[in-house]
Every structure is written in structure tokens, then in C-alpha cells.
Amino acid sequence: MAPAPIDERIKDVAEPRKDTLGLPEPALQRLKKAGIDLSNGYPYRPARPLYLQDVYNIRSKEWVHNDAGARADKSKSALLSAATKVTDLTTHIGTEIEGLQLKDLTDQQKDELALLIAERSVVFFRNQDLSPQQQLALGKYYGEVEVHPQVPQVPGNLGVTVIWPDLQATERVANFRNPGGASRWHTDLVHELQPAGITHLHNDTVPPVGGDTLWASGYSAYEKLSPDFRKIIDGKLAVYRSAHPYLDRDHPETGPKFVERVHPLVRVHPATGWKALWVNRAMTDRIVGLDRAESDVILNYLYDVYERNVDIQVRFKWTPNTSALWDNRITIHNASWDYGGKYPRHGTRVTSLAEKPYFDPAAPTRREALGLLDESEKQVDGPA
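All of these numbers come straight from a predicted model, not from anything done at the bench.

Draft legend 1. Quick look at the side chain of threonine 95. Within the fold, threonine 95 resides in strand S4 (residues 95-98). Classification of threonine 95 by relative accessible area gives buried; the value is 0%. A polar side-chain atom of threonine 95 sits 2.9 Å from a polar atom in the side chain of arginine 120. What threonine 95 contacts, discounting residues up to four positions off in sequence, is Val86, Thr87, Asp88, Leu89, Arg120, Val122, Val123 and Phe124.

Draft legend 2. Region of the structure containing a nonpolar patch on the surface. Together, Leu237, Val262 and Val288 line one region of the surface with nonpolar side chains, adding up to about 210 Å² of accessible area. Of note, valine 262 is situated in strand S11 (residues 257-264).

Draft legend 3. Structural view of the sheet that holds strand S15 (residues 313-316). If you walk across this open sheet you meet the three strands as S15-S9-S17, and the pairing is antiparallel. With one partner strand each, in any of the chains shown, S15 and strand S17 (331-335) form the two edges of the open sheet. When the angles between neighbouring strand axes are averaged without regard to direction, this sheet yields 15°.

Draft legend 4. Structural view of the side chain of lysine 275. Relative to the helices and strands, lysine 275 is located in strand S13 (residues 275-277). With a relative accessible area of 7%, lysine 275 lands in the buried category. Separated by 3.3 Å, the side chain of lysine 275 and the backbone oxygen of proline 361 make a polar contact. With sequence-adjacent residues up to four places away left out, lysine 275 is seen in contact with Tyr219, Tyr222, Asp234, Val266, Arg267, Val268, Phe359, Asp360, Pro361, Ala363, Pro364 and Thr365.

Draft legend 5. Examining the nonpolar core more closely. Residues Ile233, Tyr240, Leu265, Leu277, Val279, Leu302 and Tyr306 are the most contacted members of the largest nonpolar core, which totals 26 residues. The set of elements that each furnish at least two residues to this core consists of strand S9 (213-217), helix H7 (218-224), strand S10 (237-246) and helix H9 (292-308). No other element matches the six residues that H9 contributes to this core. Residues within four places of leucine 265 in sequence aside, it is in contact with Ile233, Lys236, Leu237, Ala238, Tyr240, Ala276, Leu277, Trp278, Val279, Ile287 and Leu299.

Draft legend 6. Structural view of unusual backbone geometry. Between tyrosine 42 and proline 43 the backbone carries a cis peptide bond, its omega angle lying at -5°. One non-glycine residue with positive phi stands out, namely lysine 76, at about 55°. Its location among the elements puts lysine 76 in the loop between helix H2 (52-58) and helix H3 (77-80). Exposure remark for lysine 76: the relative accessible area of 9% places this residue in the buried category.

Draft legend 7. Seen up close, the sheet that holds S11. Here three strands make up an open sheet; going across it, the order is S11-S10-S14 and the pairing antiparallel. Edge positions in the sheet fall to S11 and strand S14 (284-287), since each has one partner strand and no second. Each strand of the sheet is rotated relative to its neighbour by a mean of 30°, with strand direction disregarded.

Draft legend 8. How the structure looks around the packing of aromatic side chains. Inspection of every chain in the model, using the stated rule, returns 10 aromatic pairs. With 5.3 Å between their ring centres and 70° between their planes, phenylalanine 229 and tyrosine 301 make a pair best called edge-to-face. Of this pair, phenylalanine 229 sits in helix H8 (residues 227-233) while tyrosine 301 sits in helix H9, and the two are 72 residues apart along the sequence. A ring pair is formed by tryptophan 337 and tyrosine 339, whose centres lie 6.3 Å apart and whose planes are at 55°; its orientation type is tilted. Assessed through its relative accessible area of 5%, tyrosine 339 is described here as buried. Chaining the aromatic ring pairs together yields one cluster made of Phe124, Trp215, Phe316, Trp318 and Trp326. When the ring centre of tyrosine 222 is taken as origin, the NZ or CZ atom of arginine 230, which lies over that ring, is 5.3 Å away. The ring of tryptophan 278 has arginine 267 sitting right over it, with the charged end atom 4.7 Å from the ring centre.

Draft legend 9. H9, seen in detail. Its 17 residues place the ends of H9 23 Å apart at the C-alpha level, agreeing with the 24 Å of an ideal helix rising 1.5 Å per residue. Residues of H9 that are buried include every one of Ser295, Ile298, Leu299, Leu302, Tyr303, Val305, Tyr306 and Glu307, and no others.

Draft legend 10. Structural view of the packing of helix H4 (residues 107-120) against helix H5 (residues 132-142). At a closest axis distance of 11 Å, the pairing of H4 and H5 adopts a crossing angle of 70°. As summarised for this structure, H4 and H5 are arranged roughly perpendicular, according to the angle between their axes. Packed against H4, whose contacting residues are Asp107, Lys110, Asp111, Leu113 and Ala114, the element H5 presents Leu138, Tyr141 and Tyr142 at the interface. Looking at the contact of H4 with H5 residue by residue, the class counts come to five nonpolar, no polar and three charged.

Conventions adopted
- Residue positions within a chain follow its written sequence, with the count starting from 1.
- Since the coordinates come from a predicted model, pLDDT governs what is reported: local features require at least 70, and pairs of side-chain atoms require 80 or more to be given and counted, while whole-chain, interface and lining totals use all residues.
- Note that the side-chain values use all heavy atoms of the structure and ignore hydrogens as well as water.
- Strands are runs of DSSP state E lasting at least 2 residues, helices are runs of H or I lasting at least 4, and numbering of each runs from the N terminus.
- Residue exposure (1.4 Å probe, protein chains only): buried if accessible area is under 20% of the type maximum, exposed if over 50%, otherwise partly exposed.
- Definition of a polar contact: a pair of N or O atoms within 3.5 Å, with one able to donate and the other able to accept a hydrogen when the atoms are protein atoms, and with sequence-neighbouring residues admitted only if both atoms are side-chain atoms.
- Between two residues, a contact is recorded if the distance between any of their heavy atoms is within 4.5 Å.
- To count toward a patch, a residue needs a relative accessible area above 30% and no salt bridge. Like charges then connect within 9 Å, nonpolar side chains (Val, Leu, Ile, Met, Phe, Trp, Tyr) within 5 Å.
- In this description, accessible areas are obtained by the Shrake-Rupley approach with a 1.4 Å probe, and a residue is regarded as covered only by the protein chains that are shown.
- The salt bridge criterion pairs a side-chain nitrogen of Lys or Arg with a carboxyl oxygen of Asp or Glu, the two atoms within 4 Å.
- We treat two strands as partners when DSSP finds at least two bridges between them.
- What counts as an axis is a line fitted to C-alpha atoms, over the stretch in contact for a helix, and the angles between N-to-C directions run from 0 to 180 degrees.
- What is meant by a nonpolar core is a set of buried Ala, Val, Leu, Ile, Met, Phe, Trp, Tyr and Cys residues, joined one to another through side-chain atoms within 4.5 Å.
- In this scheme Phe, Tyr and Trp rings, the latter by its six-membered ring, pair at centre separations within 6.5 Å, and the angle between planes marks the pair as stacked below 30 degrees, edge-to-face above 60, and tilted otherwise.
- Geometrically, a charge over a ring is one whose NZ (Lys) or CZ (Arg) sits within 6 Å of the ring centre while staying within 35 degrees of the ring normal.
- Every helix has an expected span of 1.5 Å times one less than the residues it contains.
- Roughly parallel covers angles under 35 degrees, roughly antiparallel covers those over 145, roughly perpendicular covers 65 to 115, and oblique covers all other angles.
- Note on residue classes: Ala, Val, Leu, Ile, Met, Phe, Trp, Tyr, Cys and Pro are nonpolar, Asp, Glu, Lys and Arg are charged, and everything else, Gly too, is polar.

Given below as C-alpha cells:
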């Protein structure tokens, strides 16, 4: 598969680098079992777009997203009854399911899994016998699969991104003070016109110690705010930017620029109808209509609420051949690099794009919808 841009509308490209790293043995065996063609090297890198205009052009039109969780049976009985064990890992976020293979799920079970992810934010499955092709098929069921214009991918399977910290380290040097991998709080693909919904990461190779991933709940982060503070940010819009910069074709002398799009700070999940805080320190740039100083004060506070409240987070210890499926509409996540690159870590990721973010002032919080509010969460009218 010769390097080419992911879309014919990308006109000007940079030739991708050639990689020479040896694959970890578990990853190699998984890829061979799946029949992945490794004869031209691994991973496949598309020809990288140079200009901002081309990147905007490839995803500039809206489409109708039909959310799988919104059509699911609310009891989720087909999914949960087929499992041998279902464990909530914390009160507010994270569930592990045992006894099921993702490749064997029926359509009804896939819908119910989407709803469970929408309710619990992230769901884990260990001991999965899963090929990249099967992972891609599940991603297509959940929405339009994102094909990134420049990141490494599995040969012959555009949309299956390679997550390999040792490969990343060949481009950006990592060390204890400047960790590698995705070791910062973030949400995937917030700069898209219709940003990421469900992401599915399957790790076939993991360190024996360390390398955990953390997720935090956007439902709970919003609920941590006082009712009056929520009024300040409800309905507000923010500018969200891409992780990768590009040159402006008309003014390349101005230097690299990010893809930017405007979305609400607080959004509503279409399957649950619950409000969630939707900001992340890495890629939320500024609040529309505020001065930079004003915006920074509010955003930094919101980031802290998300990142510092450990009771709304889950920290997951990976084992080989484990899948995590999370909803980017209601979470941020952070991959710990505490193993320092001393052990191999390799996985494949598929992300399904979802609806254009929207805010509904009439939507409830999760705790309100579930009847869990205490006195501190209720609106105060007049002097307390």
C-alpha cells in the first residue's frame, strides 16, 4: 500500500517517514493471525497534508448521526444477561464486563453496549480475541469512522490507528519530566465538525507494571459546579483546536496554525439526555465572547474541577488483549507513562464520529435524572 493522502481533496502533501522499529511479539502475532500485510513495513503512514485549507475541506459537511445508544433497550438485558460478570469499578464512572467477546455481539447487544458506555462513560473487556478488521467493523456500526490524515495506521485498514509509544518516541523524545504517549488530560478529535463519539482502544501488548489509563466523568464534573456557576457557562461556546498544526496556503509565512471549530462548553448526550462538561486542557483554547484573561480564569477552573476530583475518575490497569470503549462526549482521559518506555506497549484504536455537539437548557444532570441530588446541589433562591 503506497503512501497517499487519505482523501483526493488533499492536494499538497509531505512524504511520510519510513519506520524501522521491530514489533512487540504479541502485536506481531495478532497482526499475522488477522492476515495483515506487513510486507511493506508497519505501520502504514498516509501522505501528510501540508495546508490548513485541505484539512478543513475533507470534513466540512454535516451528516446525520443515528446514535446506537439512543435506540437501545433501556434495560440492556440482552447484553448484561449474556455476561458472566458485570462490575462497576467506581461509583460514577467505569464498568468491566466479563464473559463476552466483542466480535460476537449481536446488533441489539451493540446498541445496549453503546447505551451502557453513555451511562458509565467507559466500559472494559479483557481477554478479547479481536482482529483490527473486527475492531473497525464495530467502529463503523457506531458511526462514521475517523480516518486521520497523518497518524500511523494498520496497513490495509484505514481508520485503525496504531497506538505505539515507542514509535511516538522516535518523533518526540520522552523522559521522566516530559512523559511520552498521551500522558496529558485530553479528549479526542474535539476540532472536528462532528467530534468523536465512541473510541475503542485494544491493547495487545502492555507493560508488566504501569501504563494505566485514567478517565474522568464529564457528567460528574458538571455536577461538581454550583447551580449558579452552571448558569455562567450554560449555552456558552468555546473554540476547540486540533492536536496537529498546518500551514495556511495563502499565508504560509504566518507559520503553523491549528484547525479550529466552535462548540458548546456544556453538551447533552443524545442517548441519556444528561448534561456534561466538555472541556479539556490540551485542546480547548478560549471561550467565545470573553477576553482572553476572563476566558483563562474560567477554563482553568473547569480543567481543575475535571482533573483534581479523584472521586469522579477511574484508573484502569491494562492486561494483554484488553479493550476499552469510552465516550469522548462525556469524558477526558490521560495515559500514564510511568513505565518510562522500558517495556513495549502497542494497541490499535478506532474512533467513531458522532453528532454535532448541542446544548439543551431543559436537559437534566445525571444525578438529577437519577434522583440523587442532595441539598448542596439544589438551586438557592434568595439569601442562603
